[in-house]
Structures are given as structure tokens and as C-alpha cells.
Amino acid sequence: MYLVRTVSKYHSSRLVHLLETWISLVHEHVYYISDTYPPNITRTHVIATGTTCGPSSHKVRALCCQTIHDFIFYRRYESQYDWFCHFDDDQYVHTDNLHEYLSKLDSNYPYYIGRNSWNTKFRRKKNKAYPGDFWFATLGAGVCLSKRTLHLLEPYTRTVSQFVDGCSRQWYPDDIYLAFILNNHLNISLTKNLRFHSHLEGSLFKDKQEFIDTFHQQITFGFELRRTISQYLPNLFPKNIDPLRMRTVHCLLYTHFKDCQSRIKNNTFNITK
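Residues numbered from 1 in each chain as written. Predicted model: local features only at pLDDT ≥ 70, side-chain atom pairs only at ≥ 80, totals over all residues. Heavy atoms only, no water.

## Here's the deal with helix H5 (residues 95–103)
Link 1 in the chain: Of the residues making up H5, those classed as buried are Thr 95, Asn 97, Leu 98, Tyr 101 and Leu 102. Looking straight down H5, one finds its buried side chains confined to an arc of 160°; they lie on one side. In H5, the exposed positions angled more than 90 degrees off the buried face are occupied by His 99 and Ser 103. (Buried < 20%, exposed > 50% of the residue type's maximum accessible area, 1.4 Å probe, protein only. Helix = DSSP H or I, 4+ residues; strand = E, 2+ residues; numbered from the N terminus. Arc of directions from axis to C-beta.)

## Quick look at the state of the cysteines
Link 1 in the chain: Using the criterion set out here, one finds four disulfides in the structure.
Link 2 in the chain: Each sulfur of the disulfide joining Cys 64 and Cys 167 lies 2.1 Å from the other. Taking the torsion about the S-S bond as the criterion, the Cys 64 to Cys 167 disulfide, at about -95°, is left-handed. Placement of the pair is Cys 64 in helix H4 (residues 60–77) and Cys 167 in helix H7 (residues 160–170), with a sequence separation of 103 residues.
Link 3 in the chain: A relative accessible area of 0% means that Cys 167 is categorised as buried.
Link 4 in the chain: Paired through a disulfide, Cys 251 and Cys 260 show a sulfur-sulfur distance of 2.1 Å. Its S-S torsion of about -75° marks the bond between Cys 251 and Cys 260 as left-handed, since a negative value means left-handed. Residues Cys 251 and Cys 260 agree in their burial class; the two are buried.
Link 5 in the chain: In the chain, the cysteines engaged in disulfides, taken in order along the sequence, are linked 1-3, 2-6, 4-5, 7-8. (Disulfide = S-S within 2.5 Å.)

## A look at the sheet that holds strand S7 (residues 143–146)
Link 1 in the chain: In spatial order, the strands read S3-S2-S1-S4-S7-S6-S8; together these seven strands make up an open sheet with mixed pairing. At either margin of the open sheet sits one strand with a lone partner, and together these are strand S3 (46–48) and strand S8 (191–192).
Link 2 in the chain: When strand S6 (residues 112–114) meets S7, the two strands line up antiparallel, connected through three bridges. The residue of S7 that forms the bridge with Tyr 112 is Leu 145.
Link 3 in the chain: Where helix H1 (residues 11–19) meets the sheet, it contacts strand S1 (2–5), strand S2 (30–34) and strand S4 (83–88), and its direction lies at approximately 170° from that of S2.
Link 4 in the chain: Contacting S1, S4, S6, S7 and S8, H5 runs over the sheet at an angle of about 145° to S4. (Pairing = 2+ DSSP bridges. Contact = heavy atoms within 4.5 Å. Axes fitted to C-alpha atoms, helices over the stretch in contact; angles between N-to-C directions.)

## Examining unusual backbone geometry
Link 1 in the chain: In this model, Asn 40 sits at a positive phi of 65°, which is unusual for a non-glycine residue.
Link 2 in the chain: Owing to a relative accessible area of 85%, Asn 40 belongs among the exposed residues under this scheme.

## A look at the side chain of His 86
Link 1 in the chain: Secondary-structure assignment places His 86 in strand S4.
Link 2 in the chain: Exposure remark for His 86: the relative accessible area of 1% places this residue in the buried category.
Link 3 in the chain: Only 3.0 Å separates the side chain of His 86 from the side chain of Asp 88, close enough to count as a polar contact.
Link 4 in the chain: Non-local contacts of His 86, meaning those with residues more than four positions away in its chain, are made with Leu 3, Arg 5, Asp 70, Leu 139, Gly 142 and Val 143. (Polar contact = N/O pair within 3.5 Å; in protein donor to acceptor, adjacent residues only side chain to side chain.)

## Some remarks on H7
Link 1 in the chain: Buried within H7 are the following residues: Phe 163, Val 164, Gly 166, Cys 167 and Gln 170. All buried residues of H7 fall inside an arc of 155° around its axis, so they share one side.
Link 2 in the chain: In the stretch just after H7, Trp 171 is the one whose phi turns positive, near 55°.

## Some points on the pairing of S4
Link 1 in the chain: Of all six residues in S4, six are buried, a share of seventy percent or more.
Link 2 in the chain: The alternating pattern of S4 places Trp 83, Cys 85 and Phe 87 and Phe 84, His 86 and Asp 88 on opposite faces, both of which are buried.
Link 3 in the chain: Where S1 and S4 come together, four bridges link them in parallel fashion. What sits directly across from Tyr 2, in S4, is Cys 85.

## Side note on the packing of H7 against helix H8 (residues 174–185)
When two helices pack together, their arrangement is given by the angle between their axes and by how far apart the axes lie.
Link 1 in the chain: Here H7 crosses H8 at 95°, and the two axes come no closer than 10 Å. Classed by the angle they form, the pair H7 and H8 counts as roughly perpendicular. Contacts between H7 and H8 involve Phe 163, Gly 166, Cys 167 and Gln 170 from the first element and Tyr 177, Phe 180 and Ile 181 from the second.
Link 2 in the chain: When its residues are assigned to classes, the contact of H7 with H8 shows five nonpolar, two polar and no charged. (Parallel < 35°, antiparallel > 145°, perpendicular 65-115°, else oblique. Nonpolar A, V, L, I, M, F, W, Y, C, P; charged D, E, K, R; others polar.)

What follows is the structure in C-alpha cells.
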């Protein structure tokens, strides 16, 4: 189950590029959390949080209010899925790599998978009842949970108010609060996967050769491609069609698509450093 969190102001500038690239490959398994219903998406695949959570923002309560709906959504369809993965609307997901990676793991084991947000563990400064430091995965790079983990989380994610009030008591944003529950209440630690990437990272590749050797191995990319890998990408589309370079990334990963084949054939890699 893919859960994409978006917001109405980004439906036309971000979400549309996901819908026309990676989501098109797995659309029947993609669900959305948004303040309003995105156009042209089946409503049974959307939870609109505007009434419940209020205007979208990066404040603690707003973030946690949106994230608790991930778990509400999963429980509606849990019999259909062994894995749940959260992504933001500024990410490209290489679904084949993700599927290959998860298929080698046992979903009956309590997995919490993602990329650590910081280079050090999160250090608690309050509440001596839970003194342990812990790793947390940034939701902005993608986070995957096994069905066993989701089952264990159920007592902590039953209602919106329960989760939001918990965030407020600890004063943690959603991704840190989720990690806090997993680590301190359920003894589930982060399984780090450095093939997940967020827009917060700097350059993902040290040079063009590393890009050529490892680009196809990655699982997610953040939308800040102009700062991270764009110097190595060919110009397959006009800027007005592919402003975020997501269509180019999609073509390089799925070169067998007819349109991609013709575009790649007529272009060479940009070697500007």
C-alpha cells in the first residue's frame, strides 16, 4: 500500500508529475491524504483532512493530524496489504526496486524502514521514563512499515485525538513521534536504508561515474533534483513539461517505454560539472 501525502496547493505543481510517472505503474495500490480531494482520483482512495485537521501547515499538531490518517486508511484495507509505505508529494519512487527490496523481507516481522534524518540518534531531553536515544526516519524520504508493525501500532493510532495529543505531550513532529512510539513502547528500531532519499540531502553522487553506476539502484528521490543530480541528466523534455525532472528520471529508469526510447536516442548525457 502506497500512501501519498499532498495538499491542494501542490496538486497541479507536484502531484500531477507523480501521477504521470511512477504512480501510473501502481495506481490501484496508491492512496492519498490531502486537505481536499485531488481532481481525477477515485474518492475511495482519498481521505480529505481539511475539516478534521484544518489548514495544512508544518506545525506539530497539523502534521500529526495528517499522519494519523495514514493508519486509519491502512486499517480500511489491511487485509489486502503486507506492507505500508508513506511518501510525500515531492518524491519519485522506483516501485520495482521497492518491491524487490520488500519481497526479500518477512512482513510478519516488525520492520520500521527508512532513512535516518540525522547522522546521530535523536536525544530526548525530557521525560525520564523514556530516557533512551533513538534513530528516526524522515517521512520526507519515505517510510515503510510491515503488517506486524502496523498491528503493534494499533493501540497507539486508534483515533486522531489520541495520536495528536501524544505528539503535543512530547512536542514531537509526526516522524519523530512515530519513532518514539516504535522505539520506546514497542522496542522496534529503525532499519536504515540509504537508497531512500529526501529533498533535504545535498548531492547524491560524487561524480558522473557514480551516478551511472548507482542511479538505477535507488528507491526514492526528492524533488530537489536540480541541486542533487540534475547536472548528470539529459534534457529529454522541455522545461515547461518537466520542470522537476521527474519525467526524465522516469524515462531513464524505464527505458523500454516507447516515448522514452525515442527521447533517449536523440539525446546524450549532459557532462557539465
